[in-house]
Amino acid sequence: MIKTFGLRHIQIKVKDVERAFAFYAELLGFEEQFRDGDHTIFASIPGGGDLLTLHQPASSEPLYGRDRGGLVHFGFALPDGTDMNDAERQVIAVGGTDLRRGEHDPGKPFLYFHDLDGYEVELWTP
């Protein structure tokens, strides 16, 4: 068995790397860590210890979002007591599309939405 510190990085293909970064920066506070050329931004939430890599593919890599296959969704944990009504409003305000809300268990709410490129994203309180 290989010992790890858990999942720390996911890379997704996006239509426009600058637009995608602006979405995640405004909605969740992502900050740019570094770039790999003009079409890949590595970003993280301060203090989060993980990276979301946004990659704008060349025309030879046309698939992105939910039509890519394989990726169901990715999620972000929120602090206990987060106002999910406010979170939902913020998702919509920056152009996300609300999908569904509920509770995984009593007192553990979740919100699923699509980002600007059609990826399904979850916000939840663990």
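Refer to the preceding data block for the structure.
The rules behind these values
Residues numbered from 1 in each chain as written. Predicted model: local features only at pLDDT ≥ 70, side-chain atom pairs only at ≥ 80, totals over all residues. Heavy atoms only, no water. Helix = DSSP H or I, 4+ residues; strand = E, 2+ residues; numbered from the N terminus. Buried < 20%, exposed > 50% of the residue type's maximum accessible area, 1.4 Å probe, protein only. Contact = heavy atoms within 4.5 Å. Areas by Shrake-Rupley, 256 points an atom, 1.4 Å probe, with all protein chains shown as cover. Pairing = 2+ DSSP bridges. Axes fitted to C-alpha atoms, helices over the stretch in contact; angles between N-to-C directions.

Draft legend 1. Representation of the overall build of the chain in the model. Regarding its fold elements, the chain presents two helices and eight strands. The order of α-helices and β-strands along the chain, N terminus first, is β-α-β-β-β-β-α-β-β-β. The buried share of the chain, taken over its 126 residues, is 37%. Within the chain, contacts between residues at least 6 apart in sequence are counted, and of these 49% link residues at least 24 apart. Total accessible area on the chain stands at roughly 7,600 Å², and carbon and sulfur atoms take up 52% of it.

Draft legend 2. Region of the structure containing the sheet that holds strand β8 (residues 120-124). Spatially, four strands are ordered β5-β8-β7-β6 in an open sheet, and the strand pairing comes out mixed. Looking at which strands have only one partner, the edges of the open sheet turn out to be β5 (74-77) and β6 (97-105). Ignoring strand direction, the axes of neighbouring strands in this sheet form an average angle of 20°. When strand β7 (residues 108-114) meets β8, the two strands line up antiparallel, connected through five bridges. Note on β8: the bridge partner recorded for Y112 is E122.

Draft legend 3. A look at the sheet that holds strand β2 (residues 31-35). Spatially, four strands are ordered β1-β4-β3-β2 in an open sheet, and the strand pairing comes out mixed. The sheet is open, and its two borders are formed by β1 (9-13) and β2, each paired with just one other strand. Looking at each pair of strands side by side, their axes are set apart by 25° on average, direction ignored. With five bridges joining them, β1 and strand β4 (residues 51-55) adopt parallel strand pairing. Each bridged residue has a counterpart across the sheet, and for I12 the counterpart in β4 is L54.

Such coordinate-based values are descriptive only and should not be taken to indicate function.
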